[in-house]
Amino acid sequence: MNDTIAAIATPFGSGGIGVIRMSGPDAVAIAAQFFSRTRTGPPFTGNLKTHQVYHGYFLDSGEVIDEVLLIPMRGPKSYTAEDVVEIQAHSGTVVLKQILECLLSGGARLADPGEFTRRAFLNQRIDLTQAEAVADIINARSTAALKFAAAQNTGALKHQIQEMRNQLIQVLSQVEVSIDFPDDVPRENDPSQSTADIDSVMDRCREFIRQHEEACFLKEGICLAICGKPNVGKSSLMNRLLSKEKSIVTALPGTTRDPIQEAMTMNGIPFVVTDTAGIHDTDDLVEIIGIERAKDHIRGADLVLFMVEPGTALSEMEFKKMVPLDKRMLVVVNKIDLTRDTNGQAKPGGPGLPELPEICDQIPKIHISALHNQGIQPLKDKIMQLCIGDLTMDGSAVIPNLRHKTALTKALSFLESAKQGLLTGQPEETLAIDLKNSIDLLGSITGETASIDILDTIFNNFCIGK
Ligand code: GDP
């Protein structure tokens, strides 16, 4: 980290402003070589004060490349905690590249992907969970995802993990004292304080794991699968939910053969909606493949919208063939316009409500008309209620990602073994190993004990300039 790195920090393409960023010991000096307060030079020789905005020109061999704003930020009060310079120019691919090339010729090196954030981490300005939150903020595809990433970026997860780790370090130090001074410090006859500490950390691990399992879909997208017999109106509902004509709607059964998937957001929560092939008995090979794929999507869904239409009956066997019973499900009775008028009165001569097997009694139901846009908002409300429940969205919650969850799960199993060891009077050395392993695993979440491989995996997923 003794060198100075530079990169274009804004996306390529034309725009109002583009930013080039440098970080490292020579950042200010390199920028000053090319900066002048006037169009005709000479280069600025005064003292560039920290956290001030300088208006001027970026010159290459005396020739103006662009009119710019230059912002020096001396470390440690900067993004990387090193000396940082940001140059705001007009955003065009050529102008930004030319400025970058000048900085590289002046002594900077092109930054690797994520290297600015990696430096912020290595200089201990942020921990690994905050670095990951930066990537999550950049990649957020919904307001909910952004909220959780922003909470994590403030260090909410870091603080909790550090507390848990410190609690275990206390327990470990007790154990280590009795290893080092077995005669002076007899083994605790009553290990209740240590087991209580371990229990409390285990509870918090379990709670985080549960939060990941229950709520990570808020970040990644809730999977909704629309399924049912052919022609019940699955594609029409998909289009209603997305407010566009994505799925082909026809009066011919079996139009949707391959599952059609689309992303959308509802109340700021990301959803991935899949319109699946109508499930029915068929000899058509293409349809059979489509139906198998539909079943895969149904198995993987967080919520299944099971569609039926008036004037039909469904046997228990047919129902079981379509959806596994353990799925979270909502029965959507479509084409309600055929049975009821807009006042909710039964239409004379219209088909009756569909007959469903008894096992559907406990499943929530809703009546809609996808064609006439009736009941769509209540359907959306019901979907939200079934998926989100009363989960708080106040922005204070943190949701561990898969990497955190994996480390927590492993830490939990070492803690279980440590607790058993304490209760059954196993040697201190074995206890110490279990405790150390769990402490290291918690440390890998915040980065205190993360290996180079973990760091590479995290930062290589960043874009250059971040
Ligand atoms: P899918 O095969 O389940 O995807 O069904 P489609 O969405 O392709 O619809 C099949 C037929 O039902 C089309 O002719 C639609 O216009 C019609 N349809 C869909 N929804 C409704 C509805 O709410 N009321 C009525 N009357 N017809 C509908």
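Residues numbered from 1 in each chain as written. Predicted model: local features only at pLDDT ≥ 70, side-chain atom pairs only at ≥ 80, totals over all residues. Heavy atoms only, no water.

- As recorded in an unreviewed UniProt entry, the chain goes by the name tRNA modification GTPase MnmE, listed as coming from Desulfotignum phosphitoxidans DSM 13687.
- In its Sequence similarities (unreviewed entry) section, UniProt records this for the chain: "Belongs to the TRAFAC class TrmE-Era-EngA-EngB-Septin-like GTPase superfamily. TrmE GTPase family." (UniProt positions renumbered as here; feature names shortened; annotations may be inferred.)

As for the overall build of the chain
Right, so step 1: When helices and strands are counted, the chain shows 14 helices and 13 strands.
Right, so step 2: Taking 23 Å as the expected radius of gyration for a compact globule of 466 residues, we find that the chain reaches 30 Å, considerably beyond that expectation.
Right, so step 3: The buried share of the chain, taken over its 466 residues, is 48%.
Right, so step 4: In the chain, once contacts between residues fewer than 6 apart in sequence are set aside, the share between residues at least 24 apart is 67%. (Helix = DSSP H or I, 4+ residues; strand = E, 2+ residues; numbered from the N terminus. Rg over C-alpha atoms; globule rule 2.2 N^0.38 Å. Buried < 20%, exposed > 50% of the residue type's maximum accessible area, 1.4 Å probe, protein only. Contact = heavy atoms within 4.5 Å.)

Overview of the site of the ligand
Right, so step 1: Lining the immediate surroundings of the ligand are 16 residues, of which Lys234, Ser235, Ser236, Asp337 and Ser369 lie closest.
Right, so step 2: Taking asparagine 334, its side chain carries an N or O atom lying 3.1 Å from a nitrogen atom of the ligand.
Right, so step 3: Residue classes in the shell around the ligand are distributed as six nonpolar, seven polar and three charged. (Near = heavy atom within 4 Å. Polar contact = N/O pair within 3.5 Å; in protein donor to acceptor, adjacent residues only side chain to side chain. Nonpolar A, V, L, I, M, F, W, Y, C, P; charged D, E, K, R; others polar.)

A short note on the sheet that holds strand 10 (residues 269-275)
Right, so step 1: Across the sheet, six strands lie side by side as 9-10-8-11-12-13; this open sheet has mixed pairing. With one partner strand each, in any of the chains shown, strand 9 (260-266) and strand 13 (365-367) form the two edges of the open sheet. Taken pair by pair, the neighbouring strands of this sheet meet at an average axis angle of 25°, ignoring direction.
Right, so step 2: The sheet contact formed by strand 8 (residues 222-228) and strand 10 spans five bridges and is parallel. Considered in strand 10, the bridge of leucine 224 is made with valine 273.
Right, so step 3: Docked against the sheet, helix 8 (residues 234-242) engages strand 8, strand 9, strand 10 and strand 11 (303-308), running at close to 35° with respect to strand 9.
Right, so step 4: Packing against the sheet, helix 9 (residues 285-300) makes contact with strand 8, strand 9, strand 10 and strand 11, and its axis sits at approximately 135° to strand 8. (Pairing = 2+ DSSP bridges. Axes fitted to C-alpha atoms, helices over the stretch in contact; angles between N-to-C directions.)

Some words on a nonpolar patch on the surface
Right, so step 1: A grouping of Leu285, Ile288 and Ile289 is seen on the molecular surface, where their side chains present a nonpolar patch of about 270 Å² in accessible area.
Right, so step 2: Mapped onto the fold, isoleucine 288 is located in helix 9.
Right, so step 3: The class of isoleucine 288 is partly exposed, set by a relative accessible area of 34%. (Patch = residues over 30% accessible without salt bridge, like charges linked within 9 Å, V, L, I, M, F, W, Y side chains within 5 Å. Areas by Shrake-Rupley, 256 points an atom, 1.4 Å probe, with all protein chains shown as cover. Salt bridge = Lys/Arg side-chain N within 4 Å of Asp/Glu carboxyl O.)

Notes on the nonpolar core
Right, so step 1: Grouped together as the largest cluster of nonpolar side chains are 35 residues, with contacts concentrated most on Leu218, Leu237, Phe271, Leu305, Ile368, Leu379 and Ile383.
Right, so step 2: In terms of residues, this core owes the most to one element, helix 11 (residues 376-388), which gives seven residues.
Right, so step 3: Of the residues that make up this core, three or more belong to each of domain 2 (131-215 + 399-460) and domain 3 (219-388).
Right, so step 4: Residue contacts for phenylalanine 271: discarding those within four places in its chain leaves Gly221, Ile222, Leu224, Glu262, Ala263, Met264, Met266, Ile383, Met384 and Cys387.
Right, so step 5: Ranked by size, the runner-up nonpolar core spans 29 residues in total, among them Ile161, Phe208, Leu431 and Leu441. (Core = buried A, V, L, I, M, F, W, Y, C linked by side-chain atoms within 4.5 Å. Domains from an automatic or database assignment.)

Section: the packing of aromatic side chains
Right, so step 1: Going through the model one piece at a time under the given rule, you end up with six aromatic pairs.
Right, so step 2: Look at phenylalanine 34 and phenylalanine 58: their rings are 5.3 Å apart centre to centre, the planes differ by 5°, and that puts the pair in the stacked class. Here phenylalanine 34, found in helix 1 (residues 27-34), pairs with phenylalanine 58, found in strand 4 (residues 54-60); they are 24 residues apart in sequence, far enough to count as distant.
Right, so step 3: Of the residues examined, phenylalanine 34 reaches a relative accessible area of 9% and is grouped as buried.
Right, so step 4: A residue is classified by how much of its surface remains accessible, and phenylalanine 58, at 0% relative accessible area, is buried.
Right, so step 5: Each member of the aromatic cluster is reached from another via a ring pair, and the members are Phe35, Phe44 and Tyr54.
Right, so step 6: Above the face of the tyrosine 79 ring, lysine 466 is positioned so that its terminal group lies 4.7 Å from the ring centre. (Phe/Tyr/Trp six-rings, centres within 6.5 Å; stacked < 30°, edge-to-face > 60°. Lys NZ or Arg CZ within 6 Å of the ring centre and 35° of its normal.)

What about the UniProt feature "binding site: K(+)" (unreviewed entry) in the chain?
Right, so step 1: When the UniProt feature table is mapped onto this chain numbering, "binding site: K(+)" (unreviewed entry) sits at Asn231, Thr250, Leu252 and Thr255.
Right, so step 2: Relative to the assigned elements, asparagine 231 resides in the loop between strand 8 and helix 8.

Some words on the pairing of strand 12 (residues 329-333)
Right, so step 1: Strand 12 sits mainly inside the fold: five of its five residues count as buried.
Right, so step 2: Neither face of strand 12 is exposed, since Met329, Val331 and Val333 on one face and Leu330 and Val332 on the opposite face are all buried.
Right, so step 3: Considered for its hand, the β-α-β crossover made up of strand 11, helix 10 (residues 316-322) and strand 12 is right-handed. (Right-handed = clockwise from strand over helix to strand, strands pointing away.)

Topic: the sheet that holds strand 1 (residues 5-8)
Right, so step 1: The seven strands lie next to each other as 3-4-5-6-2-1-7, forming an open sheet whose pairing is mixed. Sheet topology places strand 3 (35-36) and strand 7 (109-110) at the edges, where each strand pairs with a single neighbour.

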